[in-house]
Amino acid sequence: MPDWSYHPLKSLILDKIRPKTSREFIHQSMSTIASIPFGRKLIGFLGHMKPARELQKDVNQTTFQSPIGLSGHIDPNLSGTNAFQELGFGFIEIGPIVLKEPKEQVEPRMENSRILFSEHPEKIPLKLVIKKLTSLNIRIPIFAAIDEHVNKNEWDIIVQHLTPFVDAFVVSRNQMNAYLDTGSQSWERPFYVSVSPEELGKVNDYTEIGGIVVNAPRQKVESCWHEASNSNECLVYCIKQVKARHPELSIITSGGVETPEEACALIRSGADLVLLTEGYVKAGPGLPKRIHERLLYEEVRPIPKQNWSWSFLFGLSILLGGIIALYFAFTSIILPYDENFIGLTRADILQFNPLIIAFMAHDRMALAGTMISGGILYIQLARHGIQNNLHWARVAFHSAAIIGFIGILLSIGYGYFDWLHGLFWLLLLPIYFFSFKEGKKIIGPPSSSHGSNDRAWQYGLYGQLMFVIIGFLIVTGGIVISTIGVSKVFVSTDLDFLCMTPEMVESISSNLIPVIAHDRAGFGSALVSVGLLILMISLWGFRKGERWIWNTLAAGALPAFIAGIGTHIYIGYTTFIHLLPVYLLVVLYLLGLGLSYPFLKKK
């Protein structure tokens with residue numbers, strides 16, 4: 001559930017129901033998706049959240065793909081654990097863990113847009129923890145937080161049974177003093193002592209263990225608590241104090257992070273790892289990814305310029321091909337080899353029914369406009385993405401290009417092969433080969449200077465949602481049109497425009513419908529390719545100040561929209577229900593541009 005879907009759903013529905021109900025709905029939904037075949041790839045496609053290799057670090061002989069983890073307060077029932085490792089987290093805390101089913105526990109509640117956690121929080125029994133961990137394919141470190149009220153015997157049983165499944169334990173200061181005898185026993189897993197800022201004065205007691213977990217200061221409300229408003233500043237101060245006296249001590253912070261800037265402030269101060277708590281719920285599932293991009297931005301590293309000439313030439317070829325196709329659509333419409341296949345000249349068809357030529361022109365004009373839009377999108381991805389070593393731009397570029405090449409098979413699905421179309425793709429193949437070859441070196445992760453959850457970012461999410469919907473709708477529309485093109489060819493409004501039945505069209509020439517069908521199927525496959533480009537740019541390219549993304553979407557969609565609507569007006573095919581999908585796309589397009597403008601265009 002990316003931020004562009006999470007926040008609209010949260011404001012419309014989730015904030016109006018019980019916090020536990022909304023939490024379990026989100027977590028179980030994500031875990032269900034992650035459990036189905038290709039579910040993890042779908043989550044990766046939607047979010048592109050895998051941490052960059054530059055963020056990997058080792059702490060106490062444990063390797064973390066990212067320094068950002070998720071606190072056990074957020075998922076006490078482990079209902080979302082299967083999905084969280086796909087959302088960019090470097091580790092997950094589970095617990096508090098007890099030996100048996102707890103008798104007294106109170107679920108969190110909302111008050112004034114704050115999550116109130118109970119002093120008697122939800123706890124998870126050891127048996128259920130082991131069942132969950134053994135049934136899931138966990139690929140990131142797990143920290144087990146032991147409930148502070150368990151006795152010595154229970155503590156020993158929990159540690160003994162969880163040691164094979166977890167990478168570290170989180171215990172209270174009292175448990176460390178009473179149960180953890182570091183001088184007489186060698187523990188297989190490191191122990192981190194959970195402390196409040198007020199308990200840091202006794203940090204000398206913790207020098208022989210793995211490290212400490214500094215919890216954000218809490219504000220009590222009756223029998224509940226929430227993070228204090230100055231949590232981040234307090235944690236930064238605490239980290240600096242501990243590091244000044246014990247630079248060898250590993251420090252994990254828990255809470256105090258609602259924005260990428262706040263997470264970076266903790267890491268700059270010396271925190272080795274950061275656990276997200278209440279702020280993760282407010283900011284949304286994209287927060288780890290945004291933190292990663294901010295961390296990468298703060299690294300002083302040159303961006304290697306990559307070769308992009310062949311990729312640019314590929315996009316330019318698509319653009320020029322679209323312009324040539326548009327010229328033919330406005331002039332002869334059908335070419336000599338079309339006439340040879342049909343067995344009739346253009347003049348003969350005009351005598352039977354001039355609307356047939358107009359109908360063929362409308363499909364070819366729409367295809368030309370789509371090709372011009374695709375060419376613009378490819379050129380922009382090459383110029384701003386591939387040249388700047390952005391891996392996501394390379395994936396978007398080549399995924400759509402390969403789908404476009406496969407689409408030529410659809411254009412012959414009804415028995416007609418367009419030689420000019422085939423020659424065009426044949427000329428493109430060597431250009432694409434060298435483009436694909438130069439793209440193999442494009443492996444760089446994106447970075448971003450954006451560190452806040454400001455209003456421009458919030459509007460930008462809704463703008464992103466509009467363009468994601470546009471991409472999905474265009475892909476879906478392309479699949480539908482391609483399917484029609486290789487099956488029944490016409491829809492009811494087409495026949496109303498032509499004032500003919502398919503049998504009447506076929507009576508003119510048995511080869512006329514295959515020519516119409518190949519245009520329709522080719523147009524549909526082009527829509528799928530361009531829709532994928534818009535979708536992937538929208539999913540992966542939205543970052544503060546990325547002006548080229550806004551320019552790309554603004555300029556890239558225009559030719560297709562102008563051709564799609566203009567050609568229907570030009571030939572008089574203006575049936576409202578037929579053009580309704582295009583009208584809807586135009587409305588979404590204008591909304592997307594307006595909502596995303598402050599986020600993408602303004603520095």
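All values reported here derive from a predicted model rather than from experimental measurement.

Trainee: Now, about a nonpolar patch on the surface: what can you tell me, with residues and values included?
Mentor: Together, Ile402, Ile403, Ile406, Leu409 and Phe436 make up a nonpolar patch on the protein surface, roughly 420 Å² of accessible area in all. In terms of residues, the nonpolar patch owes the most to one element, helix 16 (residues 391-406), which gives three residues. Mapped onto the elements, Phe436 comes out in helix 17 (residues 419-439).

Trainee: Quick one: what's the story with the packing of aromatic side chains, residue by residue and with numbers?
Mentor: Given two aromatic rings, one states the distance between the centres and the angle between the planes to describe the pair. Counted by the stated rule, this structure contains 34 aromatic pairs. Between the aromatic rings of Phe561 and Tyr589, the centroid separation amounts to 5.2 Å while the plane-to-plane angle is 65°, which identifies the pairing as edge-to-face. Of the two residues, Phe561 sits in helix 22 (residues 547-571) while Tyr589 sits in helix 23 (residues 576-600), which places them 28 residues apart along the sequence. Both residues of the pair, Phe561 and Tyr589, belong to the buried class. Each ring, one from Phe576 and one from Tyr583, has its centre 5.9 Å from the other, and the planes form 35°; the classification is tilted. Judged by its relative accessible area of 54%, Phe576 is exposed. Clustering of aromatic rings is evident, with ring pairs tying together Phe314, Tyr378, Phe397, Phe405, Phe424, Trp425, Tyr432 and Phe436. The lysine or arginine in question, Arg218, covers the ring of Trp225, its NZ or CZ lying 3.7 Å from the ring centre. Across from the ring centre of Trp457, 4.1 Å away, lies the NZ or CZ of Arg290, which sits over that ring.

Trainee: Explain unusual backbone geometry to me, using residue names and the numbers behind them.
Mentor: Glycine aside, negative phi is the norm for most residues, and most peptide bonds take the trans geometry. Here the residue pair Gly95 and Pro96 is connected by a cis peptide bond, since its omega of 10° sits within 30 degrees of zero. Take Pro96: it is sitting in strand 4 (residues 91-98). Non-glycine residue His48 carries a positive phi angle of around 50°. Look at Leu78: it is not a glycine, yet its phi comes out positive at around 55°. Counting through the fold element by element, Leu78 comes out in the loop between strand 3 (68-70) and helix 4 (81-84).

Trainee: How would you summarise the layout of surface pockets if you had to cite specific residues and measurements?
Mentor: Empty space within the largest pocket amounts to approximately 1,000 Å³. Contributions of two or more residues to the lining of the largest pocket are made by strand 4, strand 8 (142-146), strand 9 (168-172), helix 7 (173-179), strand 10 (191-195), strand 11 (211-215) and strand 12 (218-221). The residue inventory of the lining of the largest pocket, partitioned by class, reads 13 nonpolar, 13 polar and 13 charged.

Trainee: Which residues make up the sheet that holds strand 12, and what are the values?
Mentor: Taken in spatial order, the four strands line up as 5-6-13-12 in an open sheet, and their pairing is antiparallel. In this open sheet, the two edge strands, each paired with only one partner strand, are strand 5 (109-111) and strand 12. Ignoring which end each strand starts from, the neighbouring axes of this sheet average 40° apart. Both strand 5 and strand 6 (residues 114-118) contribute to a ladder of three bridges, which runs antiparallel.

Conventions and cut-offs
Every residue gets a number counted from 1 within its own chain, in the order that chain's sequence is written. Per-residue local features are limited, in this predicted model, to residues with pLDDT of at least 70; the limit for side-chain atom pairs, both in listing and counting, is 80 or more; totals at the level of whole chains, interfaces and linings are taken over all residues. Think of the side-chain values as coming from all heavy atoms in the structure, minus any hydrogens and water. Note that patches include only residues with greater than 30% relative accessible area and no salt bridge, and the join distances are 9 Å for like charges and 5 Å for nonpolar side chains (Val, Leu, Ile, Met, Phe, Trp, Tyr). Residue-level accessible areas treat just the shown protein chains as cover; the underlying method is Shrake-Rupley with a 1.4 Å probe. The rule for a salt bridge is simple: a side-chain nitrogen of Lys or Arg has to be within 4 Å of a carboxyl oxygen of Asp or Glu. Every helix listed is a DSSP run of H or I at least four residues long, and every strand listed is a run of E at least two residues long, numbered separately from the N terminus. Between rings of Phe, Tyr and Trp, where Trp is taken as its six-membered ring, a pair exists when centres lie within 6.5 Å; planes separated by under 30 degrees are stacked, by over 60 edge-to-face, and by other angles tilted. Only protein chains enter the accessibility calculation, which uses a 1.4 Å probe; a residue is then buried when its area is under 20% of its type maximum, exposed when over 50%, and partly exposed in between. Only Lys NZ and Arg CZ are tested; either one counts as a charge over a ring when it is within 6 Å of the ring centre and within 35 degrees of the ring normal. Note on definitions: the grid is 1 Å and covers protein atoms alone; a cavity is a set of points where a 1.4 Å probe fits but cannot get out; a pocket is an open set with protein on both sides within 12 Å along at least five of seven lines; lining residues have an atom within 4 Å of a point. Grid points are joined across faces, edges and corners, and a volume is the space filled by probe spheres set on the points. Under the convention adopted here, Pro, Cys and the residues Ala, Val, Leu, Ile, Met, Phe, Trp and Tyr are nonpolar, Asp, Glu, Lys and Arg are charged, and Gly plus all remaining residues are polar. Think of it this way: DSSP has to see at least two bridges between two strands before they count as a pair. An axis is simply a line fitted to the C-alpha atoms; with a helix, the fit covers only the stretch in contact. Between two such axes, the angle follows the N-to-C directions and lies from 0 to 180 degrees.

So yeah, pure geometry; function would need other evidence.
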